[in-house]
Amino acid sequence: MSTITLDTVRKVYAGDVEAVKGVSIDIADGEFIVLVGPSGCGKSTLLRMIAGLEDITTGEISIGDRVVNKVDPADRDIAMVFQNYALYPHMSVYNNLAYGLKNRNMDKAEIDRRVKEAARILEIGDYLDRKPRALSGGQRQRVAMGRAIVREPAAFLFDEPLSNLDAKLRVQMRVEIKRLQKGLGTTSVYVTHDQLEAMTLADRLVVLNGGNIEQIGAPIDVYDKPASTFVASFIGSPAMNLLKVKGDENGLSLVSGKGLSGANAFGKSAYTLGIRPEHMSVVEAPKGDGNSGVDLEIKVNVLEPVGAESYIYGEFAESGEEIVVRVESHSTYEPGQTLFLRAEPKDVHFFDAETGARIES
Amino acid sequence: MKKVQFQSRLIPYLLLLPQLGIVGVFFLWPAAEAVRSSFYLEDPFGFGSTFVGFDNFIDTVTSTDYGRVARFTGVFTFFVTALSLGIALLLAVKADKVLRGASSYKTLLMWVYAVAPPVAGLIGILLFDQHVGPIVDLVAMFGWEMQVGVSYSDTAIAMVVAAVWKQVPVNFIFFLSGLQGISKSVQEAASIDCRSGFRRFWTVTFPLLAPTGFFLLIINITYAFFDTFGIIDVILKTEPGNNPVTLVYKVYLDGFRGNDLGGSSAQSVILMALVFILTIIQFRLIERRVHYT
């Protein structure tokens, strides 16, 4: 177990493509860090640089007290779980688990003990003699995990390990990975593009965009206070509604309608207003009582019942800006119907319209 | 693949006819003729033939000359197969590592594939020429007076070198595509699990290449046995004298030089049986060829 430190790490590929643009993260001992972002944001490159599978262009990566920039992947004391499992197809499950230990000249009895122990934890004891091709996707995933566990490394690296599994299995394995990581207390770095996986697994989230860190923080803090419109629209499902707001000497006003009041405290001419679908309620009539909450008037386009709740997909009559609102399960709204919505001040986020950065109110 | 429904049941057979015709005329008929004449003692001038039963086979198998040629063919096949597989594997591993995607280098390694066997033999002759051959000059610096066409072993070495040179590109192509078929993440997982590249090759890469290797082994044995005729013929300039020949070349020598059509036919029937066995092994292997997912 150990800490991992990334100090202004950059990755430039041939042809001046900068995949990672100076990223610094301090990962504490035993912490579960999730790197999340859309494809091409540099999250996998970053993980592969920690693993030693990619060279580091500039900057420094340390595992424990040791700078590992020039250290061979096999000597970094890390174990990696790959997206497509990357099991050795010609070896039995037992040998898949034992391979990394044999190459480190570990004592046979100790190898056997560790393999059996990992097999017990992961409930793959019955398959130890099988070849990977005789296993289901979920079983292969467990073997891949087992291969990491037996090494008892300083850190686990996960590269989208669940994206090849079906939805049900994915939820199950997600819970298992979290339980396992907490049980072993091994420092982990986990890459995913799935914000739900990121939210549920992480001790701390690192949201990446275009090779830069957009935000680092505990999942709930990232959800409560997204640092930018990018984070706001990436974390949370359905995504946060982002509405255009004009500001002048008279105060603030929504481009779509008049339901916003309050002084233009930040002195800018344009803002982006963010409200999550789950933070609006349908009201009989606009309150218009002058406090800084938001009143909206929308036209219903589609009602989407998902069971436990329903979502209204609507738009503003004035501008055509679209909006998603969560309403109670079994609600009945007709397309074309006009609705009044209300969001409380504490649930309203302001962002700079140009930079997208959060403005604290 | 798209399935086509034929209106008439005859059309498929009609479409097969040209291929069957070629197989019939150029393979089945001569093969049957060879089997027939292997049981006869033919008059060299074609005036008559006498049925002699298995005499031709008995004569062939018991002759010391045949045993000598068979032994040489075995040794020749072993060296050609082992060397062309080994060199091709080495080249493929290096090309895969250093030049992922650099096609010009690969083309350079593959072009020999397009050289016809007699031309390969000719180039071999040139390389091993007594007066201007660079290889002869090279080994002369180490005190080896190479005499291709005169010394039995020197000729054999020239044959092996030319045959290997001709076959390496074929193996290279197969090994390279085999290597590129190995999942990149499996190799990366191995690089985390095993520090030594040498050990990694023998424990992960090589076993995953084994299906390709088995397949090539059969192909190469067949090649060394049969397809080296052109190379050998050019190197020997159709005057074998005391120089080594392979079984296939002996069929030609005995039949067309020695005018022993019956004996030559018996030899070719034996070779046919050999091809038959190799083909069965090959089909078995392809059937059982492991497909890793």
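Quick caveat, the model's predicted, so the values are computed rather than measured.

## A word on the overall build of chain A
Helices and strands together make up the secondary structure of chain A, namely eight helices and 20 strands. Along the three orthogonal principal directions, the C-alpha set of chain A runs to about 75 × 45 × 35 Å. Surface summary for chain A: the accessible area is close to 15900 Å², and the carbon and sulfur share equals 48%. One way to put it: in chain A the 41 positive side-chain charges average out to a point 8 Å from where the 51 negative ones average out.

## A closer look at the interface of chain B and chain A
Contacts between the two partners involve 22 residues from chain B, matched on the other side by 26 residues from chain A. For the chain B and chain A pair, buried surface summed over both sides reaches about 2000 Å², with 55% attributable to carbon and sulfur atoms. The largest per-residue losses of area from chain B upon contact with chain A belong to Ile-192, Asp-193 and Arg-195 of chain B, which jointly make up 35% of the total buried on that side. Among the ionic pairs, Arg-195 of chain B bridges to Asp-75 of chain A, the shortest N-O distance being 2.2 Å.

## Comments concerning the domain arrangement of chain A
All names here are of chain A. Taken domain by domain, chain A holds domain 1 (4-227) and domain 2 (241-359). Domain 1 and domain 2 are separated by 40 Å when their C-alpha centres are compared. Across the contact, six residues belong to domain 1 and eight residues belong to domain 2. Broken down residue by residue, the surface that domain 1 buries against domain 2 is led by Tyr-223, Pro-226 and Ala-227, which jointly contribute 82%.

## Regarding the pairing of strand E19 (residues 349-352) of chain A
Residue and element names in this part refer to chain A. Residues of E19 alternate between two faces, with His-349 and Phe-351 on one and Phe-350 and Asp-352 on the opposite face, all of them buried. In this structure, E19 lies alongside strand E20 (residues 358-359), joined through two bridges in antiparallel fashion. Bridging from a neighbouring strand, Phe-351 pairs with Arg-358 of E20.

## Digging into the packing of aromatic side chains
Residue and element names in this part refer to chain B. Per the counting criterion, the structure on display carries 25 aromatic pairs over all chains. Note on Phe-54 and Phe-57: the rings are 5.8 Å apart at their centroids and 50° apart in plane angle, and the pair reads as tilted. Owing to a relative accessible area of 15%, Phe-57 belongs among the buried residues under this scheme. Relative to Trp-202, the ring of Phe-198 lies with its centre 6.4 Å away and its plane at 70°, an arrangement referred to as edge-to-face. In this pair, Phe-198 and Trp-202 are both assigned in helix H9 (residues 197-227), four residues apart and thus about one turn of the helix distant.

## Description of the sheet that holds strand E1 (residues 4-13) of chain A
All names here are of chain A. Sheet architecture is open: four strands sit in the order E2-E1-E4-E5, paired in antiparallel fashion. Since the sheet does not close on itself, it has two edges, and those belong to strand E2 (17-27) and strand E5 (66-67), each with one partner. Here eight bridges tie E1 to E2, and the two strands are oriented antiparallel to one another. Within E2, the position partnered with Ile-4 by the bridge is Ile-27. Together, E1, E2 and strand E4 (58-63) form the strand contacts of helix H1 (residues 43-51), whose direction differs from that of E1 by roughly 115°.

## Side note on the UniProt feature "transmembrane region" (unreviewed entry) in chain B
All names here are of chain B. Here, the residues flagged by UniProt with the feature "transmembrane region" (unreviewed entry) are residues 12-32, 72-93, 105-128, 200-226 and 266-286. Structurally, residues 12-32 is divided into 100% helix and 0% strand, and its ends, taken at the C-alpha atoms, are 27 Å apart. As a span, residues 200-226 carries 100% helix and 0% strand, and end to end its C-alpha atoms are 36 Å apart.

## Considerations on the nonpolar core
Residues Leu-35 and Leu-46 of chain A together with Phe-76 of chain B are the most contacted members of the largest nonpolar core, which totals 96 residues. Here this core takes 12 residues from helix H7 (residues 152-180) of chain B, the largest share from any one element. Not counting chain neighbours up to four residues away, the residues in contact with Leu-35 of chain A comprise Ile-25, Lys-43, Leu-46, Val-189, Tyr-190, Val-191, Thr-192, Val-206 and Leu-208 of chain A. The next biggest cluster of nonpolar side chains, apart from the first, holds 44 residues, and it includes Phe-32, Val-93, Leu-97 and Tyr-190 of chain A.

## Quick word on the pattern of salt bridges
Applying the stated criterion to the full structure yields 26 salt bridges over all chains. Across the pair Asp-112 of chain A and Lys-116 of chain A runs a salt bridge, and its minimum N-O distance is 3.2 Å. Here Asp-112 of chain A and its partner Lys-116 of chain A are both found in helix H3 (residues 108-122), four residues apart, which amounts to about one turn of the helix. Residue Lys-116 of chain A is classed as partly exposed on the basis of its relative accessible area of 43%. A salt bridge links Asp-254 of chain B to Lys-250 of chain B; the shortest N-O distance between them is 3.0 Å. Taken together, the positions of Asp-254 of chain B and Lys-250 of chain B, both in helix H11 (residues 247-257) and four residues apart, correspond to about one turn of that helix.

## Some thoughts on helix H2 (residues 55-62) of chain B
Three- or four-residue spacings in an α-helix give side chains the same orientation, since the helix completes a turn every 3.6 residues. Turning to H2 of chain B, its buried residues number three or more, namely Asn-56, Phe-57 and Thr-60 of chain B. End-on view of H2 of chain B: buried residues confined to an arc of 95°, all on one side of the axis.

## What to know about the sheet that holds strand E17 (residues 322-328) of chain A
Residue and element names in this part refer to chain A. Taking strand neighbours across the sheet as the criterion, the five strands line up as E14-E18-E15-E16-E17 in an open arrangement whose pairing is antiparallel. Two strands close off the open sheet at either side, each with one partner strand: strand E14 (281-283) and E17. For this sheet, the mean inter-axis angle between neighbouring strands, taken without regard to orientation, is 50°. By the bridge criterion, seven bridges tie strand E16 (residues 309-315) to E17 in an arrangement that is antiparallel. Looking at E17, one finds that Tyr-311 is bridged to Arg-326.

## So, the pairing of strand E3 (residues 32-36) of chain A
Residues and elements named next belong to chain A. The element E3 is extensively covered by neighbouring structure, given that five of its five residues are classed as buried. Bridge count between E3 and strand E8 (residues 187-192): five bridges; the pairing is parallel. What sits directly across from Phe-32, in E8, is Ser-188. Here four bridges tie E3 to strand E9 (residues 204-209), and the two strands are oriented parallel to one another. Paired with Ile-33 across the two strands is Arg-204, which belongs to E9.

## Focus on the packing of helix H5 (residues 117-127) of chain B against H7 of chain B
Residues and elements named next belong to chain B. At their nearest, the axes of H5 and H7 sit 9 Å apart, and the two run at 130° to each other. Relative to H7, the element H5 is oriented oblique. At the point where H5 passes H7, the crossing takes the right-handed sense. Residue-level contacts link Pro-117, Ala-120 and Ile-123 of H5 to Ala-162, Trp-165 and Lys-166 of H7. The residue inventory of the contact of H5 with H7, partitioned by class, reads five nonpolar, no polar and one charged.

## Here we look at the side chain of Ser-310 of chain A
Examined against the element boundaries, Ser-310 of chain A turns out to sit in strand E16. Sequence-distant contacts of Ser-310 of chain A, defined by excluding residues within four places in its chain, comprise Leu-303, Glu-304, Pro-305, Val-325, Arg-326, Val-327, Glu-328, Ser-329 and His-330 of chain A.

## A look at the UniProt feature "domain: ABC transporter" (unreviewed entry) in chain A
UniProt's entry tags residues 4-235 of chain A with the feature "domain: ABC transporter" (unreviewed entry), counted in the numbering of this structure. End C-alpha to end C-alpha, residues 4-235 of chain A measures 25 Å, and it is 37% helix and 26% strand.

Conventions and cut-offs
- Residues numbered from 1 in each chain as written.
- Chains lettered and ligands numbered in written order.
- Predicted model: local features only at pLDDT ≥ 70, side-chain atom pairs only at ≥ 80, totals over all residues.
- Heavy atoms only, no water.
- Helix = DSSP H or I, 4+ residues; strand = E, 2+ residues; numbered from the N terminus.
- Areas by Shrake-Rupley, 256 points an atom, 1.4 Å probe, with all protein chains shown as cover.
- Lys, Arg positive; Asp, Glu negative; His and termini not counted.
- Charge placed at Lys NZ, Arg CZ, Asp CG, Glu CD.
- Contact = heavy atoms within 4.5 Å.
- Buried area = accessible area lost by both parts, 1.4 Å probe.
- Salt bridge = Lys/Arg side-chain N within 4 Å of Asp/Glu carboxyl O.
- Domains from an automatic or database assignment.
- Buried < 20%, exposed > 50% of the residue type's maximum accessible area, 1.4 Å probe, protein only.
- Pairing = 2+ DSSP bridges.
- Phe/Tyr/Trp six-rings, centres within 6.5 Å; stacked < 30°, edge-to-face > 60°.
- Axes fitted to C-alpha atoms, helices over the stretch in contact; angles between N-to-C directions.
- UniProt positions renumbered as here; feature names shortened; annotations may be inferred.
- Core = buried A, V, L, I, M, F, W, Y, C linked by side-chain atoms within 4.5 Å.
- Arc of directions from axis to C-beta.
- Parallel < 35°, antiparallel > 145°, perpendicular 65-115°, else oblique.
- Left-handed = near helix turned anticlockwise from the far one by under 90°.
- Nonpolar A, V, L, I, M, F, W, Y, C, P; charged D, E, K, R; others polar.

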